[in-house]
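Descriptive structure summary
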Amino acid sequence: MKKICILITAMLFAIASSGQTAKQVLDKTAAVVSNKSGVTASFTISSKQYGNSSGTISVKGKKFYANTSAGIVWFDGKTQWTYVKDNDEVNVNTPTQEDLQAINPYNFIYMYKQGYAATMTANGQNFVVTLKATAKNKGVQEMQITINKQSYVPSQVRMLQNKQWMTINVKNFKKANLSDGLFRFNQKAYPNAEIIDLR
């Protein structure tokens, strides 16, 4: 009898402590990540399709700047510039939401509200939110987001794209005061780069 009481108490505590829907947790996470002044973090990406890489990212609303050993990506909310260090070239394009998700680990905060069904489990100090696409034409069919229960800062984003899983681990998340100029490519800083406009 005592064991049953302890089990019931533990279950009630788990329900009370989570007491939130997946959408509510994602709403709070989106509010943290989309800080008006901006946020910065470091990340590592692991994927069979793209290999492994690491770098830093700065985000302000829908804008972001990512710097890795292979290249640099600027996105001002509409246009994306990708500088490939080995080729000394810059590709310019207008990316889709799925394209952005492959580069910006925080882009899920703009995707979850439409076209995805959300479920959530608790795992220690974290919530794990699973998003599954409700339509087959979505470029990202599934996402799993690990979110700290106290800070609502995401520490990992896993996504299924082209039948391949990509894992993005994020750490050193900080609020920052970022200039809008950070998110636009400055040609003067790369005078010899070949510009390839793919728009």
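Here, every reference points to the structure presented above.
Residues numbered from 1 in each chain as written. Predicted model: local features only at pLDDT ≥ 70, side-chain atom pairs only at ≥ 80, totals over all residues. Heavy atoms only, no water.

All right, on to the overall build of the protein chain then. If you tally the helices and strands in the protein chain, you get four helices and twelve strands. Counting only C-alpha atoms and orienting by the principal axes, one finds that the protein chain spans roughly 75 × 35 × 30 Å. Look at the contacts in the protein chain between residues 6 or more apart in sequence, and 48% of them connect residues 24 or more apart. With the model as given, the accessible surface of the protein chain reaches about 11,300 Å², and the carbon-plus-sulfur share is 52%. (Helix = DSSP H or I, 4+ residues; strand = E, 2+ residues; numbered from the N terminus. Contact = heavy atoms within 4.5 Å. Areas by Shrake-Rupley, 256 points an atom, 1.4 Å probe, with all protein chains shown as cover.)

Okay, the sheet that holds strand 4 (residues 71–75) next. If you walk across this open sheet you meet the twelve strands as 7-8-9-10-11-1-2-3-4-5-6-12, and the pairing is mixed. Among the strands making up the open sheet, the edge pair consists of strand 7 (116–123) and strand 12 (194–197). Recorded for the sheet is a direction-independent mean angle of 20° between the axes of neighbouring strands. For strand 1 (residues 39–47) and strand 2 (residues 51–60), the ladder comprises nine bridges, and the chain directions are antiparallel. Each bridged residue has a counterpart across the sheet, and for Thr40 the counterpart in strand 2 is Ser58. Sitting on the sheet, helix 2 (residues 22–33) is in contact with strand 1, strand 7, strand 8 (126–133), strand 9 (140–148), strand 10 (154–161) and strand 11 (164–175), with an inclination near 105° to strand 8. (Pairing = 2+ DSSP bridges. Axes fitted to C-alpha atoms, helices over the stretch in contact; angles between N-to-C directions.)

As a further point, take the side chain of Lys60. With respect to the element layout, Lys60 can be found in strand 2. Here Leu178 takes part through its backbone oxygen, which lies 2.8 Å from a polar atom of the side chain of Lys60. Beyond its immediate chain neighbours, meaning those up to four positions away, Lys60 contacts Lys36, Ser37, Gly38, Leu178, Ser179, Asp180 and Phe183. (Polar contact = N/O pair within 3.5 Å; in protein donor to acceptor, adjacent residues only side chain to side chain.)

Glancing now at the pairing of strand 4. With respect to burial, strand 4 is a largely interior element, five of its five residues being buried. Alternating residues of strand 4 divide into Gly71, Val73 and Phe75 and Ile72 and Trp74, and every residue in both groups is buried. Note that strand 3 (residues 63–68) and strand 4 share four bridges and pair antiparallel. By the bridge assignment for strand 4, Phe64 is matched with Phe75. Hairpin connection, strand 3 to strand 4: the antiparallel pair is bridged by two residues. In this structure, strand 4 lies alongside strand 5 (residues 80–84), joined through five bridges in antiparallel fashion. For Ile72, the partnering residue across the bridge sits in strand 5 and is Tyr83. In this antiparallel pair of consecutive strands, strand 4 and strand 5, the connection spans four residues, and Gly77 shows a positive phi of 105°. (Buried < 20%, exposed > 50% of the residue type's maximum accessible area, 1.4 Å probe, protein only.)

Moving on, we come to the packing of aromatic side chains. Tallied over the entire structure, the rule returns eight aromatic pairs. The interplanar angle of 75° and the centroid separation of 5.8 Å between the aromatic rings of Trp74 and Tyr190 together place this pair among those described as edge-to-face. With Trp74 in strand 4 and Tyr190 in the loop between strand 11 and strand 12, this residue pair connects regions lying 116 residues apart in the sequence. Comparing Trp74 with Tyr190 shows no difference in burial state: the two are buried. (Phe/Tyr/Trp six-rings, centres within 6.5 Å; stacked < 30°, edge-to-face > 60°.)

Moving on, we come to the environment of Lys23. On the secondary structure map, Lys23 appears in helix 2. Lys23 gets classed as partly exposed once you look at its relative accessible area, which sits at 47%. Residues Lys23 and Ala117, 94 residues apart in the sequence, show an inter-C-alpha distance of 9.4 Å.

Between side chains of opposite charge, a pair can form as their charged atoms come close. Counting across every chain of the model gives three salt bridges. A salt bridge links Lys23 to Asp27, with the shortest nitrogen-to-oxygen separation between them at 2.8 Å. Placement of the pair is Lys23 and Asp27 together in helix 2, with a separation of four residues, close to one helical turn. Where Asp180 meets Lys60, a salt bridge forms, and the shortest distance between an N and an O atom there is 3.0 Å. Taken together, the residues Asp180 in the loop between strand 11 and strand 12 and Lys60 in strand 2 connect sequence positions 120 residues apart. The buried category is assigned to Lys60, whose relative accessible area is 18%. (Salt bridge = Lys/Arg side-chain N within 4 Å of Asp/Glu carboxyl O.)

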